[in-house]
Amino acid sequence: MSLVEKIRNIDRRIIFTIIALAIIVPLLIPVGFPIKVSPSVRNLYDELENLPSGSKVLISFDFGASTYPEIYPMSMAILRHLFRRGVKPIIMGLWPEGVPFAERALAVTTEEAGKVYGEDYVNLGFKAGGIVVMQALGRSLEEAFPEDAYGTPIGDIPLMKGVRNYDDIAMVIDLSAGDPGIPAWVMIAQGRFGKKVGGGCTAVSAPQYFAYLQAGQLVGLMGGMKGAAEYETLIKRKDLGTAGMDAQSVAHVVIVIFIIIGNITFFVERARRGKKEEVS
Amino acid sequence: MKRQIPLIITFLAGLAMILGYFIPHEPFGGLQQMLNTWYMVVAAFAMILGVGNLIKLHTIKIRKRKQGFGYSFVLLAGLAAMALFGIFRGIKPGTAFYWMWWNMHVPMSSTMFSLLAFFVASASYRAFRARNIEAALLLVAGILVMIGRVPIGDMVWSGFPAIANWIMNVPNTAGQRAILIGISLGVVSTSLRLLLGIERTYLAGD
C-alpha cells in the first residue's frame, strides 16, 4: 500500500482523536483569540441598547438539551445586557425543554443584578401550540398565559400590569434551535403584528436566516457559540461563549486541514490512474 | 358521510383561520382565537399521544427481540424513571427528576449533538472532494466560511471574515431565499389542496 493510500484510508479513530485533542487542549489551555463582532450581532446589541429603561422584551426559549451548549450562553449574555439596561424580560418557552434553561439563566443573572421576580422579570413557562401561541399573544397575552410558570395569575404580577399583547412589548427575542422558532416568530410577531424580532440560533441553522436579516424582518442574529462570544464581547462580560471560541477556532482549522489532505490524496490518485490508463 | 364530514370540518376551520388572518375584526377574529385555543389544547394532548406511541413502538421492539431491542429497554426505563419521579416527587431543584435532568439528560443530549463535529471531520476528510467545478466551488466556499467565521481566521488574514460575510450575505442568501419561496409556494398549494378536499391522505384508511 502506497503512502497516499495509507493516508487516504486512515483509521477514523485517528481522525476522532485529533478532533478531540483539537477541542480539549484549547479548552484546558485557552489562547484568547480576539473576537471580532459581526454586523448581525452588533445590530441586535444596538437595538437592545437603544431601548428605554423599563421597556419589556419577550424572550422565547425555544431550544432543547442538545443545543444547550450553543444557545444557553446567548441567553446569559442577553439577560445580563437587559438587566444592566433596566429592561424587563418576559420569559416564555414554546419548547418544553427550554423553560429549565430559562430558569437557570435567570437564577444566575438575576442574582448578579439583584433583580426581583414579578417586578423586574417574569417567567410565563411553557405553552404547547407553537405558531398558534404566537398568534394568541397578538390578541391577548393573558388568554395565552393565564398564569406564570409558578401558578400565579398574570393579573397579580406587577410587571404584567398593562401588558395586553405585542403592543405593550418593545421587542421579541427568540433563542431557537428549530421549529417552532425564528421563521414562525418572523412570520407572526414581525410580519403580522409589526413587532421587532431578534434572535439567536445554532451555527448550522444561521445561514437560513440571512434572508430575514437582509429584508429587515430580523433586526439582529446571533449564530452559534460565535454569536454568543460576540455578544459577550459587546457587553464586556466574557463567559461560556468566549470560553468555547478557542476550541472552535482550532477545530475549524483542523477540519480544513483534513479537507485539504483528503483532496491532495484524491488528486494524486487521479493523476496516477490517468498515467496508468495512458500506459495501458 | 364518514368521509364528507371531516372534509367539511377541514374546509370550514381553514376558511375561518384565513378570514381571521385577513379580517381580524369580529366575528372572524374571535372565531380564529377560539380555534387557536382549541389547537393549544389539542397540541397538549398530542404530546400524550406521542409518548403513548413511543411506548407502544418500543414495547413491540422488545417483545419481538428486534435488533437493538436493548436500547429500547433503556429508553423505556429512562422514560419511566423521569416520569415517575417527576409526577410523584416533583421537578423542583433538589428532587431526583431535577438531578437526572441536569446530570444525565442534558449532558447526554449535548454529547449526541457534539458528535456532529467528529462525523463532520471524518466525512469531510473522506468525501468532500473537488471532483468537478461545482464541487470545487462548494469546497472553497466551505473552507472560506469555516475559516472566516472563527477568530483565528481574522488573525491569519483580516480579509477572511469579509469574504465569509460576503458568501453568507450574497450567494447563500440568494439560495436560501429561493428555497424559502419554493417552500412557501408548496405550503400554499398543499393548504389549498387540503381545504378544497383534493388532498385526502390525512383521512387514514380512505
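These numbers come from a predicted model, not from an experiment.

Cut-offs and rules
- Residues numbered from 1 in each chain as written.
- Chains lettered and ligands numbered in written order.
- Predicted model: local features only at pLDDT ≥ 70, side-chain atom pairs only at ≥ 80, totals over all residues.
- Heavy atoms only, no water.
- Helix = DSSP H or I, 4+ residues; strand = E, 2+ residues; numbered from the N terminus.
- Buried < 20%, exposed > 50% of the residue type's maximum accessible area, 1.4 Å probe, protein only.
- Contact = heavy atoms within 4.5 Å.
- Areas by Shrake-Rupley, 256 points an atom, 1.4 Å probe, with all protein chains shown as cover.
- Lys, Arg positive; Asp, Glu negative; His and termini not counted.
- Charge placed at Lys NZ, Arg CZ, Asp CG, Glu CD.
- UniProt positions renumbered as here; feature names shortened; annotations may be inferred.
- Salt bridge = Lys/Arg side-chain N within 4 Å of Asp/Glu carboxyl O.
- Buried area = accessible area lost by both parts, 1.4 Å probe.
- Polar contact = N/O pair within 3.5 Å; in protein donor to acceptor, adjacent residues only side chain to side chain.
- Nonpolar A, V, L, I, M, F, W, Y, C, P; charged D, E, K, R; others polar.
- Phe/Tyr/Trp six-rings, centres within 6.5 Å; stacked < 30°, edge-to-face > 60°.
- Expected span 1.5 Å × (residues − 1).
- Arc of directions from axis to C-beta.

## Looking at the overall build of chain A
When helices and strands are tallied, chain A shows eleven helices and six strands. Reported as C-alpha extents along the three principal axes, the dimensions of chain A are approximately 85 × 40 × 30 Å. Out of the 280 residues belonging to chain A, those deemed buried represent 55%. Within chain A, contacts between residues at least 6 apart in sequence are counted, and of these 75% link residues at least 24 apart. Approximately 11600 Å² of chain A is accessible, and the part contributed by carbon and sulfur atoms is 56%. In chain A, 29 side chains carry a positive charge and 29 a negative one; their mean positions are 8 Å apart.

## Here we look at the UniProt feature "transmembrane region" (unreviewed entry) in chain B
UniProt annotation of "transmembrane region" (unreviewed entry) refers to residues 7-24, 36-57, 69-88, 108-128, 135-157 and 177-196 of chain B when read in the numbering used here. The distance separating the terminal C-alpha atoms of residues 108-128 of chain B is 29 Å; by composition the span is 95% helix and 0% strand.

## Some details on the pattern of salt bridges
Residues and elements named next belong to chain A. Here the structure, examined in full by the defined rule, presents twelve salt bridges over all chains. Taking the shortest distance from any N to any O, the salt bridge between Arg 237 and Glu 112 comes out at 2.9 Å. Separated by 125 residues along the polypeptide, Arg 237 in the loop between helix H10 (224-234) and helix H11 (240-279) and Glu 112 in helix H5 (residues 98-113) bring together distant segments of the chain. Look at Arg 237 and you get partly exposed, because its relative accessible area is 30%. One network of salt bridges, with partners in common, ties together Arg 80, Glu 112, Arg 237 and Asp 239.

## Thoughts on the interface of chain A and chain B
Between chain A and chain B, the contact holds 62 residues from the first and 55 residues from the second. When chain A packs against chain B, close to 5400 Å² is buried across both sides, 68% of that on carbon and sulfur atoms. By the criterion of area lost to chain B, the three top residues of chain A are Arg 192, Phe 210 and Ile 259 of chain A, representing 11% of everything that side buries. A salt bridge links Glu 26 of chain B to Arg 139 of chain A, with the shortest nitrogen-to-oxygen separation between them at 3.1 Å. The tally of links from chain A across to chain B stands at 16 residue pairs in polar contact (both at pLDDT 80 or more). The dominant element in the side of chain A that touches chain B, judged by the number of residues it contributes, is H11 of chain A, at 17 residues. Of the residues assigned to the side of chain A that touches chain B, the class counts are 36 nonpolar, 13 polar and 13 charged.

## Thoughts on the packing of aromatic side chains
All names here are of chain A. According to the stated counting rule, one finds 21 aromatic pairs over all chains in the structure shown. On the basis of an interplanar angle of 35 degrees and a centroid distance of 5.8 Å, the ring pair of Phe 61 and Phe 63 is categorised as tilted. Across the pair, Phe 63 and Phe 61 agree in class, each one buried. With a centroid separation of 5.4 Å and an interplanar angle of 15 degrees, the aromatic rings of Phe 63 and Phe 101 are classed as stacked. Taken together, the residues Phe 63 in the loop between strand E1 (56-62) and helix H4 (68-85) and Phe 101 in helix H5 connect sequence positions 38 residues apart.

## Some remarks on unusual backbone geometry
That bond from Asp 179 of chain A to Pro 180 of chain A is cis: its omega, 0 degrees, falls within 30 degrees of zero. Looking at the secondary structure, you find Pro 180 of chain A in the loop between strand E4 (171-176) and helix H8 (182-192). Cis peptide bonds are those with omega within 30 degrees of zero, and the linkage from Glu 26 of chain B to Pro 27 of chain B qualifies with 5 degrees. On the secondary structure map, Pro 27 of chain B appears in the loop between helix H1 (4-22) and helix H2 (28-63). The phi dihedral of Lys 236 of chain A falls on the positive side, at around 55 degrees, and the residue is not glycine. Mapped onto the elements, Lys 236 of chain A comes out in the loop between H10 and H11.

## Describing helix H3 (residues 69-89) of chain B
Residues and elements named next belong to chain B. Between the first and last C-alpha of H3 there are 29 Å, a value that for 21 residues agrees with the 30 Å anticipated at 1.5 Å per step. All of the buried residues in H3 are Ser 72, Leu 76, Met 82 and Gly 86. Along the axis of H3, the buried residues cluster in a sector spanning 135 degrees; they form a single face. Of the residues in H3, the exposed ones pointing more than 90 degrees away from the buried face are Phe 73, Val 74, Phe 88 and Arg 89. Structurally, H3 contributes buried residues whose contacts are with H2 and helix H4 (96-127).

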